[in-house]
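Architecture at a glance
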Amino acid sequence: MAKQKIRIKLRGFDHKIVDQSAGQIVEAVERTGAVIVGPVPLPTHIQKFSVIRSPFIDKDSQEQFEIRTHKRIIDIIETTSKTIDALTKLNLPSGVEIDIKL
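Here we summarise the structure given alongside this text. Keep in mind the model is a prediction, meaning the values are calculated, not measured.

What counts, and at which threshold
- Residues numbered from 1 in each chain as written.
- Predicted model: local features only at pLDDT ≥ 70, side-chain atom pairs only at ≥ 80, totals over all residues.
- Heavy atoms only, no water.
- Helix = DSSP H or I, 4+ residues; strand = E, 2+ residues; numbered from the N terminus.
- Rg over C-alpha atoms; globule rule 2.2 N^0.38 Å.
- Buried < 20%, exposed > 50% of the residue type's maximum accessible area, 1.4 Å probe, protein only.
- Contact = heavy atoms within 4.5 Å.
- Areas by Shrake-Rupley, 256 points an atom, 1.4 Å probe, with all protein chains shown as cover.

**Brief notes about the overall build of the protein chain**
Per the secondary structure count, the protein chain includes two helices and four strands. Along the chain direction, N to C, the helices and strands of the protein chain fall in the order β-α-β-β-α-β. The globule rule puts the C-alpha radius of gyration for 102 residues at 13 Å, and the 19 Å found for the protein chain is more than 25% above it. Seen through its principal axes, the protein chain has C-alpha atoms that stretch 70 × 20 × 15 Å. Out of the 102 residues belonging to the protein chain, those deemed buried represent 25%. Counting only contacts in the protein chain whose residues sit at least 6 apart along the sequence, the fraction spanning at least 24 positions is 75%. Carbon and sulfur atoms make up 53% of the accessible area of the protein chain, which amounts to about 7,200 Å² in all.

What follows is the structure in structure tokens.
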């Protein structure tokens, strides 16, 4: 099998769950003997929203909300067939978006 590079991107709103699933991926890949780089934390994307509290009298008072999206990247440099099998058999927690590119 030719040397194949796999890039795994993780996204989620809760940083603890994102780190936990990154740890599970790293453990599974290291058991197969592949070379791994990461997890590399990327900058947190913050979306801020400002909402008027009341449409009538209290138009000047507003509430602020924000959504933080935490991101991690894991690169698997030297893969084997066992590595791909281990990645497909992983049971990761919900709330984490996983994007795998070969």
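Resuming the write-up.
**Let's talk about unusual backbone geometry**
With an omega of 5°, the peptide bond running from G38 to P39 counts as cis. Its place among the elements puts P39 in strand 2 (residues 35-52).

Functional significance is not addressed by these values, which are geometric in nature.
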